[in-house]
Amino acid sequence: MVSIRYTAAKVKITELRDKSQAELTQTLDQYKRELLDLKVQQVAGAAAAKSSKIRDMRKNIARVLTVITQQNRDTVRAKYAGKKHIPKDLRAKKTRAMRRALTKYELSRKTERQQKKDIHFGRRQYAIKA
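Residues numbered from 1 in each chain as written. Predicted model: local features only at pLDDT ≥ 70, side-chain atom pairs only at ≥ 80, totals over all residues. Heavy atoms only, no water.

A.B. asks: Residue-level account of the overall build of the chain, with values.
C.D. replies: Looking only at helices and strands, the chain features 6 helices and 0 strands. Reading the chain from its N end, one meets helices and strands in the order α-α-α-α-α-α. A globule of 130 residues ought to have a C-alpha radius of gyration of about 14 Å, yet the chain, at 30 Å, is considerably larger. In terms of overall dimensions, the chain has a C-alpha envelope of 95 × 40 × 25 Å along the principal axes. In the chain, once contacts between residues fewer than 6 apart in sequence are set aside, the share between residues at least 24 apart is 65%. Looking at charge distribution, the chain has the averaged site of its 35 positive side-chain charges lying 10 Å from that of its 12 negative ones. (Helix = DSSP H or I, 4+ residues; strand = E, 2+ residues; numbered from the N terminus. Rg over C-alpha atoms; globule rule 2.2 N^0.38 Å. Contact = heavy atoms within 4.5 Å. Lys, Arg positive; Asp, Glu negative; His and termini not counted. Charge placed at Lys NZ, Arg CZ, Asp CG, Glu CD.)

Put into structure tokens, the structure is as follows:
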């Protein structure tokens, strides 16, 4: 039986963020191969300790995929910075009501009729304050 050294220790996200896209892809392939080997050993009837290593390996793969996705989104976000239209998945989520609410500019607008009323009938001033 061939002995393979596993890197099942928890991977630090900060270490992954320093790597390039190519290095991350290479790391991902390595982790997937190790996971496959661990699953084969589990089926073959190896020790129960392998199940924790399998879990760690799956979590490591998820971390690498998360960093890859974040980097991709950052590059796309930089590409659309300052543009008028932004893809929907990059826009601010907020709430449905907040997204549909009037803008400050729209709130401040007045109709022509309201402007005339404001000019001709100013604010009333009272002698006694409540």
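A.B. asks: So what's going on with the packing of aromatic side chains? Residues and values would help.
C.D. replies: One pass over the structure, following the stated rule, counts 0 aromatic pairs. When the ring centre of Tyr80 is taken as reference, the NZ or CZ atom of Lys83 above it lies at 5.7 Å. (Phe/Tyr/Trp six-rings, centres within 6.5 Å; stacked < 30°, edge-to-face > 60°. Lys NZ or Arg CZ within 6 Å of the ring centre and 35° of its normal.)

A.B. asks: Can you tell me about the nonpolar core, naming the residues and giving the values?
C.D. replies: Counting residues in each nonpolar core, the largest one holds 13 residues, and the members touching the most others are Leu16, Leu24, Tyr31 and Val64. Elements with a contribution of two residues or more to this core: α2 (21–44) and α3 (50–79). In terms of residue count, the dominant contributor to this core is α3 (6 residues). Beyond its immediate chain neighbours, meaning those up to four positions away, Leu24 contacts Leu16, Lys19, Val64, Val67, Ile68 and Gln71. (Core = buried A, V, L, I, M, F, W, Y, C linked by side-chain atoms within 4.5 Å. Buried < 20%, exposed > 50% of the residue type's maximum accessible area, 1.4 Å probe, protein only.)

A.B. asks: Which residues make up the pattern of salt bridges, and what values do they have?
C.D. replies: If the charged atoms of two oppositely charged side chains come close together, the side chains can form a pair. Tallied over the entire structure, the rule returns 3 salt bridges. The residue Arg73 makes a salt bridge to Asp89 at a minimum N-O spacing of 3.8 Å. You can see Arg73 sitting in helix α3 and its partner Asp89 sitting in the loop between α3 and α4 (96–100), a full 16 residues away along the chain. Since its relative accessible area comes to 32%, Arg73 is described here as partly exposed. (Salt bridge = Lys/Arg side-chain N within 4 Å of Asp/Glu carboxyl O.)

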